Number of protein chains: 2
Amino acid sequence: MEMQNPPPARWATRRAEKARRVASVAGIVDGVVIPTARMVEVFEKLLVPGDKVALEGNNQKQADFLSRELAKVDPARVNHLHMIIPAVSRAEHLDLFERGIARKLDFAYAGAQSLRISQFLADGNLEIGAIHTYIELYARLYVDLCPNMVLVAGYKADRQGNLYTGPSTEDTPALVEAAAFRDGLVIAQVNEIVDDPKDLPRVDIPGSWIDFVVQSDKPFFIEPLFTRDPRLIKPIHVLMAMLAIRGVYEKHQVQSLNHGIGFNTAAIELILPTYGEKLGLKGKICRHWTLNPHPTLIPAIESGWVESVHSFGGELGMERYVAARPDVFFTGRDGSMRSNRAMCQLAGQYAVDMFIGSTLQMDGLGNSSTVTHGRLTGFGGAPNMGHDPHGRRHATPAWLDLLQTDDPLERGRKLVVQMVETFQSGTQPTIVESLDAVEVGKVAGMPLAPVMIYGDDVTHVLTEEGIAYLYKARSLEERKKMIAAVAGVTPIGLRSTPAERAQLRHDGLVALPEDLGIHPTEASRSLLAAKSMADLVAWSGDLYEPPARFRSW
Amino acid sequence: MEMQNPPPARWATRRAEKARRVASVAGIVDGVVIPTARMVEVFEKLLVPGDKVALEGNNQKQADFLSRELAKVDPARVNHLHMIIPAVSRAEHLDLFERGIARKLDFAYAGAQSLRISQFLADGNLEIGAIHTYIELYARLYVDLCPNMVLVAGYKADRQGNLYTGPSTEDTPALVEAAAFRDGLVIAQVNEIVDDPKDLPRVDIPGSWIDFVVQSDKPFFIEPLFTRDPRLIKPIHVLMAMLAIRGVYEKHQVQSLNHGIGFNTAAIELILPTYGEKLGLKGKICRHWTLNPHPTLIPAIESGWVESVHSFGGELGMERYVAARPDVFFTGRDGSMRSNRAMCQLAGQYAVDMFIGSTLQMDGLGNSSTVTHGRLTGFGGAPNMGHDPHGRRHATPAWLDLLQTDDPLERGRKLVVQMVETFQSGTQPTIVESLDAVEVGKVAGMPLAPVMIYGDDVTHVLTEEGIAYLYKARSLEERKKMIAAVAGVTPIGLRSTPAERAQLRHDGLVALPEDLGIHPTEASRSLLAAKSMADLVAWSGDLYEPPARFRSW
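Residues numbered from 1 in each chain as written. Chains lettered and ligands numbered in written order. Predicted model: local features only at pLDDT ≥ 70, side-chain atom pairs only at ≥ 80, totals over all residues. Heavy atoms only, no water.

Under an unreviewed UniProt entry, the name given to chain A is Malonate decarboxylase subunit alpha, and the source organism is Pararobbsia silviterrae.

In structure tokens:
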């Protein structure tokens, strides 16, 4: 695998620089293997101040050994790094900034670290490049954010660098490719290095894309982010789930869809085998899914509702179940799950009928954000999938069902459903006059307010009060009235008069539970196909193994 | 690489069916290698009527040995195939339908075969699933169009199935992954099978994703689709190129962009080192590109305009040049080019400031299509990149420059520029009352008219008359007037009055050449940095090797 005619030096500066760096650790590494104990030293030799470093902080899978070791380098030698981290989820991600090793941050999502990011930003410890969606961030790696180094995590590698990522493939291929093919350095941490390539279950990334592998001191951290305990699902979630199934899924014949994290969507998954079955909808709705292997989807799978699931990443505890259901999930020749965040985001953007999500705040026009005062959370994948992609050209029944005229130049629409309780935890209204994000954006000096999903992209707002069919709104004024009509006793909701609501219902712009034949008294937990984690395990035939914190038995 | 616990049979029907099919050719194949002469026989054993078959017909690279052999199978044994072909470009793609082997077609682009598709459709020989963009079609492979078999092309494979795709990686990874991880069959044709894995330049697709390889009877066909002979660039193209540089690129500080195929954009590429240099724009515009290695980009690269190029695929004759400029292009460790259509479409959608394209017809509202009477061409990647992705959240100067208010909830916009001469070949107006696509859609029974780019996604229309800044239009009526103002003597253009044009110019909604300081007399071929293919070869230091049909020396 050697090059025939080396390119002229002045056009191969990146390649020469990479060769120089690789040569600098020749005395330390054994082939492609970096000794675990010498990772810090290797970082100090391989990195140069100002480097762009893409670090696999995923929703779930974390290159955490690498991030911990990187945070230990001497800031006098390695500094001003420009970090590109899809999900900023580990304390050490921000330690890099506190210690003066890194300076600039481009990211897509920050969960537990969102508060600290805001503080660092205020204190001048950190400069934000931009907040992206995942897929937008990957895209920039190929354009104007080409990384000098990429740090990823996998389960196993061999001594040629061939990498088995395990079920959570996630970002790994998208990050690695950007560096491997533009003379960047790629380092993978793995739980185990095998001597014989035959001991790799399969190859997810070829060895010729990887420069170094290092065995981590302990297995990489993985967060069971998509696990929802059915015990915490309340009757109000069941009511909203019933509204969704009758007023959205059945009405528009939603066959392919994405569900986010949340008790509302978990409730939908859990009443398909009961309420959905009773309505005779099996095989008619919810056949193809793009989502991680949610444990709460097990009863619907076992009842024959689900034809296929493509996933962004894996879910801790679901490994054996997924491997035992290859007709439904994507799996490799070795039998274990394969996921791919880039392809699944694409699928969620272009190939599904509906995105249904939730938010912390929504304004009277339907704009929403999870960014609230003091928290720069970012958006993950929601804006990518939560909009109508104008580049879509294929039609499905649901997409066509949103046409409002018979103009041959009118397009169908993707369903973008916001499913929110009118109040967060009883007292804090979800539907507000103005998003905190507007103020946060101003304070943080951002060019625009950090809005997650814009109101003009939302087709349905669903609350415990009813459904507003926003795609039918003929004016901004009407959109406001429709949202107010389902906004309950929030300040926005109190603007809606009984006469207005009656007119909106009459015109088919808003539907209340009774309009959909739903009696709130029916909305009880008894409709849940599984009421506890133990029920989910039973449904799975003992294949699902919930993480310890979800076990009460 | 064996499975530990086989899944229950009722949940592994796809896997069992694949194993059955693979076993049926055990007596024919040698490991993963199918003997070239027995391909037809192997197809007859591996395929089942009604199978979904994804065939790599790309813009350029063709799995043509496989498609030719597939067209020879006995229709009594193999029939009703559902073909998924990104680019329908070979005669045998349609022979499959004529011979009764295939029945249904999903595709994204049909160049030379567009006329025949329309005829087959009219004659009932073929049923269209949908016309997609490339990336939308890939996305569906992971949702509701999972293929039973995927047929791809590469340069070389080893006897473990490891695949080197060569510079035109294109669709290959996106297609292969969809089958490899859902118990579909993957067959790769290659120009050469090497015995020693070390003789592969690099691995683009791991062997554990590929079921069979077959050495083709001759190297796969590759079309130099992105090569434009500078000799055919006319002064009118140079004029339009000057308008684009001053009135769009400079005005909005366009730093990252996609160029399509066409003499207009080729002219822009060729006057950057002359006209662009004179305007002092080097380093300020056009730094990052997402496009195939256009030969007409060579002078700009050699003059230091271009920092990076990421590509969908390769371009015939550009292999040595690309390999010699790794600072600019994406290349593998072996030194040869790497491309990736899925990632480049993503980059073109989410990470660039501007898409600039052309069309065969545009209506008075800016809707455009390359579908004209009798030709179902499809759209390739244009709609994917030629719209404002509402999922984008990062800001760039160009994106922000399109803001019209200081509302913090207003978004920036991607520039979508339609660059068209008002007449095609002198007599046929490009700007028309109604798109042929509307009628074609009706006749073909399509749910919607096959529009390529919708008017509401277009931000600028640029003709030889001037530029209409459509993103500033405050109403549909105003948008119409702006387009009419630059539509010359087409029927649409004749509606524009001198008084209206004066007002639009005064309001900054339309700019004529003189408004941009451009004298049409300056617009001569003398501005082209290269005036012939020979000039391009000279600029490249003899690294560019034009295909025979472009050589006149």
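Moving on to the interface of chain A and chain B. Between chain A and chain B, the contact holds 107 residues from the first and 107 residues from the second. Here chain A packs against chain B, burying approximately 8600 Å² in sum over the two surfaces, 59% of which is carbon and sulfur. Three residues, Trp11, Arg333 and Arg393 of chain A, lead the burial of chain A against chain B; their summed loss comes to 10% of the area buried on that side. Applying the counting criterion to the chain A and chain B interface returns eight salt bridges. The closest approach of N and O atoms between Asp457 of chain B and Arg411 of chain A, which form a salt bridge, is 3.1 Å. One can count 55 residue pairs in polar contact (both at pLDDT 80 or more) joining chain A with chain B. (Contact = heavy atoms within 4.5 Å. Buried area = accessible area lost by both parts, 1.4 Å probe. Salt bridge = Lys/Arg side-chain N within 4 Å of Asp/Glu carboxyl O. Polar contact = N/O pair within 3.5 Å; in protein donor to acceptor, adjacent residues only side chain to side chain.)

Before going further, it helps to spend a moment on the nonpolar core. Core analysis: the biggest nonpolar cluster contains 146 residues, and Phe43, Met83, Ile187 and Tyr249 of chain A have the highest contact counts within it. At 10 residues, helix H8 (residues 235–252) of chain A tops the list of elements feeding residues into this core. Three or more residues apiece are contributed to this core by two domains, here domain 1 (32–215) and domain 2 (230–536) of chain A. Core analysis: the next-biggest nonpolar cluster, separate from the first, contains 145 residues, Leu257, Met318, Val328 and Val537 of chain B among them. (Core = buried A, V, L, I, M, F, W, Y, C linked by side-chain atoms within 4.5 Å. Buried < 20%, exposed > 50% of the residue type's maximum accessible area, 1.4 Å probe, protein only. Helix = DSSP H or I, 4+ residues; strand = E, 2+ residues; numbered from the N terminus. Domains from an automatic or database assignment.)

Along the polypeptide, Asp535 of chain A turns up in helix H18 (residues 533–539). The class of Asp535 of chain A is partly exposed, set by a relative accessible area of 29%.

Looking now at the domain arrangement of chain A. Residues and elements named next belong to chain A. Domain boundaries assigned for chain A yield domain 1 (32–215) and domain 2 (230–536). Counting residues at the interface gives 31 residues for domain 1 and 29 residues for domain 2. Taken together, the two surfaces of domain 1 and domain 2 that pack against each other cover about 2300 Å², and 55% of this comes from carbon and sulfur. Residue Arg341 is joined to Asp171 by a salt bridge in which the shortest nitrogen-to-oxygen separation is 3.2 Å. The tally of links from domain 1 across to domain 2 stands at 19 residue pairs in polar contact (both at pLDDT 80 or more). Among the secondary structure elements, those contributing two or more residues to the side of domain 1 that touches domain 2 are strand S4 (102–110), helix H5 (114–123), strand S5 (127–131), helix H6 (134–141) and helix H7 (172–180). Residue contributions to the side of domain 1 that touches domain 2 peak at five residues, all from H5. Looking at the side of domain 1 that touches domain 2 residue by residue, the classes come out as 17 nonpolar, 10 polar and four charged. (Nonpolar A, V, L, I, M, F, W, Y, C, P; charged D, E, K, R; others polar.)

Residues and elements named next belong to chain B. Counting through the fold element by element, Leu105 comes out in strand S4 (residues 102–110). For the pair Leu105 and Ile131, spaced 26 residues apart in sequence, the C-alpha separation works out to 8.8 Å. Contacts of Leu105, omitting those with residues within four sequence positions, involve Met83, Ile85, Val88, Phe97, Ile117, Leu126, Glu127, Ile128, Gly129 and Ala130.

Below, the discussion takes up the sheet that holds strand S15 (residues 368–369) of chain B. Residue and element names in this part refer to chain B. A sheet is described by the order of its strands in space; here three strands give the open sequence S15-S14-S19, paired in mixed fashion. Sheet topology places S15 and strand S19 (431–432) at the edges, where each strand pairs with a single neighbour. Here strand S14 (residues 361–363) runs beside S19; their pairing, made up of two bridges, is parallel. Considered in S19, the bridge of Met362 is made with Ile431. (Pairing = 2+ DSSP bridges.)

Relating one copy of the chain to the other requires a rotation about an axis plus a shift along that axis. With an RMSD of 0.0 Å, the fit of chain A onto chain B corresponds to turning through 180° and sliding 0.0 Å along the axis. Interpreted geometrically, this transformation is the action of a two-fold axis. Of every C-alpha in chain A, the one belonging to Pro206 of chain A sits nearest the axis of rotation, 2.9 Å from it. In this assembly the copies share their binding face: 100% of the residues contributing to the interface of chain A also contribute to that of chain B. (Least-squares fit on C-alpha atoms with pLDDT ≥ 70 in both.)

This part takes up the packing of aromatic side chains. All names here are of chain A. In the structure shown here, the tally under the stated rule is 12 aromatic pairs over all chains. Ring geometry for Tyr155 against Tyr164: centres 6.1 Å apart, planes inclined by 40°, an arrangement best described as tilted. Among the residues examined, Tyr155 registers a relative accessible area of 25% and is labelled partly exposed. Judged by its relative accessible area of 7%, Tyr164 falls in the buried class. (Phe/Tyr/Trp six-rings, centres within 6.5 Å; stacked < 30°, edge-to-face > 60°.)

Next up on the list: helix H2 (residues 39–46) of chain A. Residue and element names in this part refer to chain A. Of all eight residues in H2, six are buried; the element is thus mostly enclosed. Among all positions in H2, only Met39, Val40, Val42, Phe43, Glu44 and Leu46 are buried. Contact partners of the buried residues in H2: helix H1 (13–24), strand S1 (33–34), helix H3 (64–70), strand S6 (149–158), strand S8 (185–194) and strand S9 (212–215).

To continue, consider the sheet that holds strand S21 (residues 466–468) of chain B. Residue and element names in this part refer to chain B. Across the sheet, eight strands lie side by side as S12-S11-S10-S13-S16-S20-S21-S22; this open sheet has mixed pairing. Two strands in the sheet have a free side with no partner beyond their single neighbour: strand S12 (308–310) and strand S22 (510–511). With three bridges connecting them, strand S10 (residues 256–259) and strand S13 (residues 354–357) associate as parallel partners. Paired with Asn258 across the two strands is Phe355, which belongs to S13. Sheet strands touched by helix H12 (residues 341–351): S10, strand S11 (288–290) and S12. Its angle to S11, the strand with the most contacts, is close to 125°. (Axes fitted to C-alpha atoms, helices over the stretch in contact; angles between N-to-C directions.)

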